[in-house]
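# Understanding the architecture of this molecule
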Amino acid sequence: MTANDRPLAVFDLDNTLADTAHRQRYLEVKPRDWDAFFAAAPQDPPLHEGVALARESAEECEVVYLTGRPERCRPDTVEWLAAHGLPEGRIWMRRDNDRRPARRTKLEILRRLARTREIRVLVDDDELVCEDAERAGFTVVRARWADASAALKVAQEREGRT
């Protein structure tokens, strides 16, 4: 089996692999401070349950990352993944000016990936993303190991920011 034949395990980042609790304060103020929120991402502690699942998934799957983070966060994201020993893999990020809800952007990418590869699992903390992915026939693991954030939920769905 070549690398291109392996099924994909698709992982979200924020509150799936990375604990964003320390930067939620930037979303709880008006107006929300998006620059500070994303600038603090390199200091996210890893979520051990998610990291362990990604490493375990790498034994049978190609691990890839699907995040609502904007493209401008790519260098920090690549560095964070490597620093925490996560499997190397392609990263799909939101275009900097894309404000569509996470469930729309992520499902669009999942469907595109599924045209040529088997998607073994999607691991994500966003309930709306998970529900839509399941309705579309994808196997989903809900990342419920981080504290839920109402501000982040609004950001993901209504503001299309992460």
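It should be noted that the structure appears before, not after, this text.
These notes cover the structure that comes with them. Predicted, not measured: the structure shown is a model, and the values here were computed from it.

### Brief notes about the overall build of the chain
Summing up its helical and strand segments, the chain has 6 helices and 5 strands in all. Ordered by position in the sequence, the α and β elements of the chain form the string β-α-α-β-α-β-α-β-α-β-α. Within the chain, buried positions represent 50% of all 162 residues. Here the chain has roughly 8300 Å² of accessible surface; of this, 48% comes from carbon and sulfur atoms.

### Observations regarding the sheet that holds strand 4 (residues 119-124)
Paired through their backbone hydrogen bonds, the strands of a sheet run either parallel or antiparallel. Ordered in space as 3-2-1-4-5, the 5 strands form an open sheet in which the pairing is parallel. The open sheet has two free edges, formed respectively by strand 3 (91-94) and strand 5 (140-142), since each of these has just one partner strand. Sheet twist, expressed as the average angle between the axes of neighbouring strands with direction ignored, equals 20°. Pairing of strand 1 (residues 8-11) with strand 4 involves 4 bridges; the strand directions are parallel. Looking across to strand 4, one finds that Phe11 is bridged to Val123.

### So, the nonpolar core
Within soluble globular proteins, side chains that are nonpolar generally end up buried alongside one another. By size, the foremost hydrophobic cluster in this structure holds 23 residues, and its most contacted members are Ala9, Phe11, Leu17, Tyr65, Trp80, Leu81 and Leu86. At the level of elements, strand 1, helix 1 (34-39), helix 2 (48-57), strand 2 (62-70), helix 3 (74-83), strand 3 and strand 4 are the ones that each hand at least two residues to this core. Discounting residues that sit within four places of it in the chain, Ala9 has contacts with Ser57, Cys61, Glu62, Val63, Val64 and Val121. One finds Leu66, Leu107, Leu110 and Cys130 within the second-largest nonpolar core, a separate group that totals 17 residues.

### Considerations on the packing of aromatic side chains
Throughout the structure, instances matching the rule amount to 3 aromatic pairs. Ring geometry for Trp34 and Phe37: centres 5.7 Å apart, planes at 80°, overall edge-to-face. Of this pair, Trp34 and Phe37 are both found in helix 1, 3 residues apart, which corresponds to roughly one turn of the helix. Just as Trp34 is buried, Phe37 falls in that class too. An aromatic cluster is built from Trp34, Phe37 and Phe38, whose rings are joined through pairwise contacts. Over the ring of Phe37 we find Arg23; its NZ or CZ atom is 4.3 Å from the centre of that ring.

### Observations regarding helix 3
Turn by turn, an α-helix covers 3.6 residues, leaving residues three or four places apart pointing in a common direction. Residues of helix 3 that are buried: Thr77, Trp80 and Leu81. All buried residues of helix 3 project into a common sector of 95° when viewed along the axis, lining one side. In helix 3, those exposed residues whose orientation departs by more than 90 degrees from the buried face are Pro75, Glu79, Ala82 and Ala83. Tucked inside the fold, the buried residues of helix 3 contact strand 2 and strand 3. Positioned one or two residues after helix 3, Gly85 has a phi angle of 70°, which is positive.

Basis of the calculations
- Residues numbered from 1 in each chain as written.
- Predicted model: local features only at pLDDT ≥ 70, side-chain atom pairs only at ≥ 80, totals over all residues.
- Heavy atoms only, no water.
- Helix = DSSP H or I, 4+ residues; strand = E, 2+ residues; numbered from the N terminus.
- Buried < 20%, exposed > 50% of the residue type's maximum accessible area, 1.4 Å probe, protein only.
- Areas by Shrake-Rupley, 256 points an atom, 1.4 Å probe, with all protein chains shown as cover.
- Pairing = 2+ DSSP bridges.
- Axes fitted to C-alpha atoms, helices over the stretch in contact; angles between N-to-C directions.
- Core = buried A, V, L, I, M, F, W, Y, C linked by side-chain atoms within 4.5 Å.
- Contact = heavy atoms within 4.5 Å.
- Phe/Tyr/Trp six-rings, centres within 6.5 Å; stacked < 30°, edge-to-face > 60°.
- Lys NZ or Arg CZ within 6 Å of the ring centre and 35° of its normal.
- Arc of directions from axis to C-beta.

These figures capture arrangement, not role.
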